[in-house]
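Here is what each chain is made of, one letter per residue.
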Amino acid sequence: MSADQIESRVIAVLVDNEPGVLARVIGLFTGRGYNIDSLTVTEVDAGQNLSRITIVTSGTPQVLEQIKAQLFRLVPIHAVGDLTTGGDLVERELALVKVVAKGEQRVEALRIADIFKARVVDAGHNHFVFELTGKPKKLNSFIELMQPLGLKDVSRTGVVAIARGPEALGL
Amino acid sequence: MSGEMTGAETLIKALIDQGVDTVFGYPGGAVLPIYDALFQQNSLRHILVRHEQAAVHAAEGYARSTGKVGVVLVTSGPGATNAVTGLTDALMDSIPLVCLTGQVPTHLIGNDAFQEADTTGITRPCTKHNYLVTSADDMSRVVHEAFYVARSGRPGPVVIDVPKDTQQNKTSVYAKAKEVEARRISYRPQVKPEHAKIEQAVELLSKAKRPIIYAGGGVINSGPVAAQLLTQFARMSGIPVTNTLMGLGAFPATDNHFVGMLGMHGTYEANLAMYNCDVMLNIGARFDDRITGRLDEFSPNSTKIHIDIDASSINKTVMVDLPIIADAGHALEDLTRIWTARHTELDKAGMEKWWGQINEWRGKDCLKFEQPSKGEIKPQHAIKTFYEMVASRDKVIVSTEVGQHQMWAAQYIKFDKPNHWLTSGGLGTMGYGLPAAIGAQVAHPDALVVDVAGEASILMNIQEMATAAQYKLPVKIFIINNQWMGMVRQWQELLHGSRYSESYSESLPDFVKLAEAFGATGIRVTDVSELEEGLTKMIETPGPVIFDCCVTKDENCFPMIPSGAAHYDMILTKEDKVANPVSQEGMVLV
């Protein structure tokens, strides 16, 4: 048990949906040298004008505590939740993966997509666009397997996460 | 709501409703409607500075000496960018400010218009929060929110960027301050401590044999009551107190429980007490690197209690045993109450031994210096003599620039009350002292306000002499003139083989003539026999005065803990060598 051990955390943040709020959060991370492994944001409550940011970050336990405290003192922030230490969580990411292939490789790509339960959302004689959701690890393995089969382009959303159970974040 | 007002008029009304009486500023194209609205009212006083950086420092001086929110008004583009140093200074030292910046009209934002700068973008990392007002209807709400944010929790600077069209457009919307505050959901800082934690703190302290209180600017920001409570608690419990640079005045320096300032240029007794204590109570200080020195050797055997209003200051650099999130005043109130209710008394024998040890360290007399009766003036002697001459006066406010003179002022001037000491601690901004003194003098017309300065620092905002002259502000500029950027020179001597790279103050102006050019009084003293007379003249002459006090050129500021060294590695005199060559790790530290 070392205090310097690097851990990964999923942090959920509820913020006022106002101009500059994302810049504030990102500026905090770059200005203080914290890591951002993934970041997603969109409005989740139009009535209260709230957006939810999901950040996957890594650092020593001391730095991770700092990150949460630093986030919470930003004025437009309503709630900061540590989903990793707060109990069980569900995390999902969506990827769109373009593969360009012919013949046997094309068939193989489709076969793997089937195993991963990826959907074909666009297809031509020479290409597919697959849509895949799951944990980041699953997306990584899919993309890796597509590499030799003609992987051309990848777009990923980054992780969104929510705590299991009846509790809501913050407020 | 009766009738319509322009955005600018709404802004002025909101400032007045916030209790603002003074605004420090400089006009320009993008704030003309606000200046026009200012012209047509008599409730707000505007102080015209000569550079926007100085407007912010003046507002800081006003805020620090009154405990109120300081207000700044500058134009777009260069007005705003010039304010950035002051804003960063206020952020580092937790000073409540609201800075209004003009902006090009909303339809031109992003067009690289004349005097356009991305002010909210530029000031985002150097403010506590900032706003861009996009409609005159939002004006009153934003102003009231800004004041709430600036003074709540850990105070800090807030920028309101106001495009010119929102100043000119009419609105019938006026939100009252109370309504705006009541509507807030986010940013509700915790000010009251958890009861159980204060009980734990009393428990820990009650068993201490070598306790110390390490108090910082948080006690001053909490208000004068917090300083009174701290004084009462220390006297009641018998625990020694050390203050940070920001905390000077939070505890009476003339009280016997005071062991002096701690840190890089702190006293021998304060630093050794920190190193050797068994229970440390940190109230409103943040374990700054100037305080801790080498982290792995910082007070290694103590149980640490940390009271801070800002959760992010806790466990940032030093891991503590008992974190308490609270305002210093509230925490001290509860601490005193529980301490008294439990009839807590510290172990008599233990405390006697501890004070014995502290008095032994005091015996080292680490601030001693030798002043021959004739010839050159030692800088320490100049400042100490000044203090002795004004010690009995009722209201003396001291500001400083940054460098050796600042540390000597911190060491030799004894502050017994909060809000009388204005210095740039976190950012270390040369050029801070004169505008800060101006701001304090505006707030306290009858006080003796003295800027203890260096000859290099003072030149960074010397243009503010014109401001002092215009408003007949009798600020006294006490220049400790050693013709060097003294602290740079000292580090070069001690850490860089006496290679004095660019640290000599070449081509200095004649400060006496300079004072006269600004319509002020200039005095020069070069011999110790004339010092008291010079100081008397400085204090007694009406109006602004520059006192050019020429001192020994190569004096070093001691004690000093070299960068990256531990509290016990203090250099006390010129004869002390820097213990072991400073490590590579230490050399990269500033």
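The coordinates are above.
What counts, and at which threshold
- Residues numbered from 1 in each chain as written.
- Chains lettered and ligands numbered in written order.
- Predicted model: local features only at pLDDT ≥ 70, side-chain atom pairs only at ≥ 80, totals over all residues.
- Heavy atoms only, no water.
- Helix = DSSP H or I, 4+ residues; strand = E, 2+ residues; numbered from the N terminus.
- Rg over C-alpha atoms; globule rule 2.2 N^0.38 Å.
- Buried < 20%, exposed > 50% of the residue type's maximum accessible area, 1.4 Å probe, protein only.
- Contact = heavy atoms within 4.5 Å.
- Lys, Arg positive; Asp, Glu negative; His and termini not counted.
- Charge placed at Lys NZ, Arg CZ, Asp CG, Glu CD.
- Salt bridge = Lys/Arg side-chain N within 4 Å of Asp/Glu carboxyl O.
- Pairing = 2+ DSSP bridges.
- Right-handed = clockwise from strand over helix to strand, strands pointing away.
- Buried area = accessible area lost by both parts, 1.4 Å probe.
- Polar contact = N/O pair within 3.5 Å; in protein donor to acceptor, adjacent residues only side chain to side chain.
- Patch = residues over 30% accessible without salt bridge, like charges linked within 9 Å, V, L, I, M, F, W, Y side chains within 5 Å.
- Areas by Shrake-Rupley, 256 points an atom, 1.4 Å probe, with all protein chains shown as cover.
- Axes fitted to C-alpha atoms, helices over the stretch in contact; angles between N-to-C directions.
- Expected span 1.5 Å × (residues − 1).

Asker: How should the overall build of chain B be read in this particular structure?
Answerer: Within chain B, the secondary structure is distributed over 23 helices and 20 strands. In terms of overall dimensions, chain B is globule-like: its C-alpha atoms have a radius of gyration of 24 Å, near the 25 Å expected for 590 residues. The 590 residues of chain B split such that 61% are buried. Long-range pairs, those at least 24 residues apart, make up 75% of the contacts in chain B between residues at least 6 apart in sequence. Between the centroid of the 52 positive side chains of chain B and the centroid of its 67 negative side chains there is a distance of 3 Å.

Asker: Could you clarify how one ought to interpret the pattern of salt bridges in this entry?
Answerer: Pairing of side chains with opposite charge becomes possible as their charged atoms draw close. Under the criterion given, the structure shown has 31 salt bridges over all chains. A salt bridge links K207(B) to E203(B); the nearest nitrogen and oxygen atoms lie 3.1 Å apart. On the accessibility criterion, K207(B) (59% relative accessible area) is exposed. If you follow the salt bridges from partner to partner, you end up with E7(A), R9(A), E65(A), K68(A) and D82(A) in one network.

Asker: What's the story with the pairing of strand 7 (residues 157–163) of chain B in this structure? I'm lost.
Answerer: Two faces, one strand: in a regular strand the side chains alternate between the faces of the sheet. All names here are of chain B. Taking burial as the measure, the 7 residues of strand 7 include 7 buried ones, the bulk of the element. One ladder, built from 7 bridges, connects strand 5 (residues 97–103) with strand 7; its direction is parallel. Looking at the pairing, L97 lines up with P157 of strand 7. Relative to strand 7, strand 6 (residues 129–132) is paired through 4 bridges, and the arrangement is parallel. Considered in strand 7, the bridge of Y131 is made with I160. Once the chain exits strand 6 it traverses helix 6 (residues 139–151) before rejoining the sheet at strand 7, and the crossover so formed is right-handed.

Asker: Got a minute to help me understand the side chain of S94(B) in this structure?
Answerer: All names here are of chain B. Looking at the secondary structure, you find S94 in the loop between helix 4 (78–92) and strand 5. When its relative accessible area of 7% is taken as the criterion, S94 is described as buried. The contacts of S94, once residues within four sequence positions are left out, are R154, P155 and N221.

Asker: I keep staring at the interface of chain A and chain B and nothing clicks. Help me out?
Answerer: Accessible area lost upon the coming together of the parts is a frequently used measure of interface size. Counting from both sides, the interface comprises 15 residues of chain A and, opposite them, 18 residues of chain B. Taken over both partners, the interface formed by chain A and chain B buries close to 1300 Å², and the fraction arising from carbon and sulfur atoms is 53%. Looking at the side of chain A facing chain B, the largest losses of area belong to R24(A), Q62(A) and V75(A), adding up to 45% of the total buried there. The tally of links between chain A and chain B comes to 1 salt bridge. Close ionic contact of D310(B) with R73(A) constitutes a salt bridge, the shortest N to O distance being 2.7 Å. Inspection of the chain A/chain B interface yields 7 residue pairs in polar contact (both at pLDDT 80 or more).

Asker: Sorry, what's going on with unusual backbone geometry here?
Answerer: Backbone phi values are negative for most residues with the exception of glycine, while trans is the configuration of most peptide bonds. All names here are of chain B. In this structure, the amide linkage connecting F558 to the following residue, P559, adopts the cis form with an omega of -5 degrees. As for its position among the elements, P559 is in the loop between strand 20 (545–550) and helix 23 (584–587). Although it is not a glycine, K472 adopts a positive phi angle of roughly 50 degrees. Inspection of the secondary structure puts K472 in the loop between helix 19 (465–470) and strand 18 (476–481). You can call K472 exposed: its relative accessible area is 68%. Non-glycine residue S498 carries a positive phi angle of around 55 degrees. Position of S498 relative to the elements: it lies in the loop between helix 20 (486–495) and helix 21 (511–517).

Asker: Got a minute to help me understand a positive patch on the surface in this structure?
Answerer: All names here are of chain A. Taken together, R92, K117, K135, K137, K138 and R164 make up a surface patch of like positive charges. By secondary structure assignment, the location of K137 is in helix 4 (residues 136–146). K137 gets classed as exposed once you look at its relative accessible area, which sits at 70%.

Asker: Help me out: how do you make sense of the sheet that holds strand 6 of chain B in this one?
Answerer: Sheet strands pair via backbone hydrogen bonds, and the direction of the pair is either parallel or antiparallel. Residue and element names in this part refer to chain B. If you trace the 6 strands from one edge of the open sheet to the other, you get 3-2-4-5-7-6, paired in parallel fashion. Every other strand in the sheet has two partners, leaving strand 3 (45–48) and strand 6 as the edge strands with one partner each. Each neighbouring strand pair of the sheet contributes to a mean axis angle of 20 degrees, computed without reference to strand direction. Sheet strands in contact with helix 2 (residues 32–39) are strand 2 (22–25), strand 3 and strand 4 (70–74), and its direction is about 125 degrees off that of strand 4.

Asker: Can you help me understand helix 2 (residues 61–72) of chain A in this one?
Answerer: Residues lying three or four places apart along an α-helix face the same way, a consequence of the helix completing one turn every 3.6 residues. All names here are of chain A. With 12 residues, helix 2 should reach 16 Å at 1.5 Å per residue; the first-to-last C-alpha distance of 17 Å fits that figure. Within helix 2 the residues assigned to the buried category are L64, Q66, I67, K68, A69, Q70 and L71. Where helix 2 is buried, its residues touch strand 1 (7–16), helix 1 (21–31), strand 3 (50–59) and strand 4 (77–82).

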